[in-house]
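One letter stands for each residue in the lines below.
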Amino acid sequence: MKYYSTNRQSALVDFREATIEGLAPDKGLYFPEAIPQIDPHMIENIRSYSNVDIAFNVMKPYVEGALPDGELLRIVAESISYEFPLVAINDRIASLELFHGPTFAFKDLGARFMSRCLGYFAQDASQKMTVLVATSGDTGGAVASGFYDVPGVEVVILYPSGKVSNVQEKQLTTLGKNVYALEVQGNFDDCQRLVKEAFADTALRSQRFLTSANSINVARWLPQQLFYFFAYKQWKNKGEAPVVAVPSGNFGNICSGMLANLSGLPIKKFVVACNANDAVPAYLLSGRYSPKDTISTISNAMDVGNPSNFVRLLELYRSSYEQIKQSMVGYSISDEVTRDTIRSVADRYGYWLDPHGAVAYKALEQYLSEHPADSGFILETAHPVKFDSGVEVEQALPAVLTEKVALLLKSEKHSTVIRPAYDELKAFLLESR
């Protein structure tokens with residue numbers, strides 16, 4: 001499999017090169033030259049396949065020529081070594097719980113897959129790799145956990161000061177060793193801009209071996225499509241494809257689901273569920289894409305005004321607005337409605353949503369009210385314990401999780417505060433460690 005840059009000014013590369021480079025030299029995102037088609041037999045008989053078998057079969061075409069089968073099998077087995085249950089909330093909406101990994105968030109899978117790929121590739125590297133990543137919340141903790149103590153790799157995480165939850169901040173600032181946290185006095189878009197400037201700095205890259213672990217990196221992005229296969233394996237109504245609502249910020253997760261769909265996985269419709277950062281829902285209404293300044297919300301991991309993966313959405317549908325409109329519909333959900341949804345779903349069904357899952361639930365509920373014959377599921381991307389939603393959720397937490405969180409919150413934070421100025425990031429990266 002070869003990968004091209006969405007800016008089309010860089011050479012084709014294989015999976016190894018795309019993973020190590022992160023961002024293409026022309027600042028584009030890497031995209032597979034062809035979308036593999038899944039064997040229809042696996043789709044029709046998916047319940048007879050183990051999750052490891054599904055993951056191996058889905059990912060194999062994307063890593064062809066870069067990872068031996070044995071290594072790929074090991075990597076997927078280690079990356080998905082926890083549960084991904086599809087839990088019914090009511091008779092029309094289910095929740096795909098993606099928070100059963102080590103940092104209670106969906107990004108654990110992609111971070112574990114990528115860290116193991118880079119660990120394998122680092123064996124042949126002549127110098128230490130620096131994973132440089134911006135986070136609006138969950139990515140930081142997942143990357144820190146996934147790459148912690150990986151030989152030959154250091155991790156530098158940029159996060160917006162005061163704009164991530166206490167649990168999220170502790171997960172990315174307390175590990176130490178090869179993990180470094182930079183607390184940026186700005187918003188997530190500032191963090192993302194600094195990372196992109198670093199990758200575009202040829203002088204810096206001649207001195208530091210940089211790669212990224214955001215969803216811009218194919219090794220983080222591609223394995224997320226496994227969520228949708230695992231959900232379909234558990235989907236009870238095999239006679240009807242599900243509608244899927246995805247809480248969306250940087251749009252890596254939903255784009256991976258669209259990739260799975262175009263590969264042959266039955267999905268009837270994608271519901272793009274956003275908070276006040278509604279650039280993509282606005283595009284779906286008008287056909288004009290206009291990035292916006294980031295707005296802070298209680299669903300902070302989705303606080304992205306200019307989602308990087310929007311270009312991949314365009315690639316998936318060859319920039320056809322009509323095809324995009326046929327595949328998805330968008331909603332913007334306010335903080336007030338998000339809080340009300342958390343309370344009402346808990347009261348009516350005894351199910352606790354995190355703010356991001358609540359945005360997806362409300363968006364799906366609105367869509368299903370207009371399409372009474374349909375049903376579907378949301379992606380519950382993180383555990384509610386990670387967020388201050390303004391709604392008390394402690395009563396819903398298992399004792400073992402409460403203990404883990406309590407220990408985490410007692411851990412000592414270590415971060416370096418920087419202004420949203422590239423010279424400060426560059427100086428940190430060039431320091432000897």
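The structure presented is a predicted model; accordingly, all values stated were derived computationally and were not measured.

What counts as what
- Residues numbered from 1 in each chain as written.
- Predicted model: local features only at pLDDT ≥ 70, side-chain atom pairs only at ≥ 80, totals over all residues.
- Heavy atoms only, no water.
- Pairing = 2+ DSSP bridges.
- Helix = DSSP H or I, 4+ residues; strand = E, 2+ residues; numbered from the N terminus.
- Axes fitted to C-alpha atoms, helices over the stretch in contact; angles between N-to-C directions.
- Contact = heavy atoms within 4.5 Å.
- Parallel < 35°, antiparallel > 145°, perpendicular 65-115°, else oblique.
- Nonpolar A, V, L, I, M, F, W, Y, C, P; charged D, E, K, R; others polar.
- Domains from an automatic or database assignment.
- Buried area = accessible area lost by both parts, 1.4 Å probe.
- Salt bridge = Lys/Arg side-chain N within 4 Å of Asp/Glu carboxyl O.
- Polar contact = N/O pair within 3.5 Å; in protein donor to acceptor, adjacent residues only side chain to side chain.
- UniProt positions renumbered as here; feature names shortened; annotations may be inferred.

Some remarks on the sheet that holds strand S7 (residues 179–184)
Taken together, five strands build an open sheet; the order of strands is S8-S5-S6-S7-S13 and the sheet is parallel. Each edge of the open sheet carries a strand with a single partner, namely strand S8 (209–212) and strand S13 (416–418). On average, adjacent strands in this sheet sit at an angle of 25° to one another, irrespective of strand direction. Pairing geometry for strand S5 (residues 129–134) and strand S6 (residues 153–160), over six bridges, is parallel. Bridging from a neighbouring strand, Thr130 pairs with Glu154 of S6. Helix H5 (residues 107–122) rests against S5 and S8 of the sheet, and its axis sits at about 160° to S5.

Re the environment of Tyr49
Examined against the element boundaries, Tyr49 turns out to sit in the loop between helix H2 (40–44) and helix H3 (51–63). With near-sequence residues (within four places) excluded, Tyr49 lies in contact with His41, Met42, Ile54, Asn57 and Lys233.

Digging into the packing of helix H16 (residues 335–349) against helix H17 (residues 355–370)
At a minimum axis distance of 9 Å, the contact between H16 and H17 shows a crossing angle of 80°. One element, H16, and the other, H17, form an angle in the roughly perpendicular class. Contacts from Val337, Thr338, Thr341, Ile342, Val345, Arg348 and Tyr349 of H16 reach H17 at Pro355, Ala358, Val359, Tyr361, Lys362 and Glu365. Classifying every residue of the contact of H16 with H17 gives eight nonpolar, two polar and three charged.

Details of the domain arrangement of the protein chain
With domains assigned, the protein chain is organised as domain 1 (70–105 + 220–386) and domain 2 (128–207 + 398–432). Measuring from the centre of the C-alpha atoms in domain 1 to the corresponding centre in domain 2 gives 25 Å. Taken together, the contacts link 20 residues of domain 1 with 22 residues of domain 2. On the domain 1 side of the interface with domain 2, the three residues burying the most area are Phe104, Asn300 and Lys386, jointly 34% of the side's total. For the pair domain 1 and domain 2, the number of links is zero salt bridges. For the interface between domain 1 and domain 2, the tally reads eight residue pairs in polar contact (both at pLDDT 80 or more). Of the residues in the side of domain 1 that touches domain 2, the class split is seven nonpolar, nine polar and four charged.

Here we look at the sheet that holds strand S4 (residues 93–97)
Paired through their backbone hydrogen bonds, the strands of a sheet run either parallel or antiparallel. Pairing is mixed across the open sheet formed by six strands, whose spatial order is S3-S4-S12-S9-S10-S11. Strand pairing shows two members of the sheet lacking a second neighbour, strand S3 (86–88) and strand S11 (328–332), which therefore form its edges. Pairwise comparison of adjacent strand axes, ignoring direction, gives a mean angle of 25° for this sheet. Note that strand S9 (residues 243–247) and strand S12 (residues 376–380) share three bridges and pair parallel. Residue pairing for S12: Ala245 is matched across the bridge by Ile378.

Side note on the UniProt feature "domain: Threonine synthase N-terminal" (unreviewed entry) in the protein chain
Here the UniProt-annotated "domain: Threonine synthase N-terminal" (unreviewed entry) positions come out as residues 2–79. What you have in residues 2–79 is 46% helix and 8% strand, and the ends, taken at the C-alpha atoms, are 23 Å apart.

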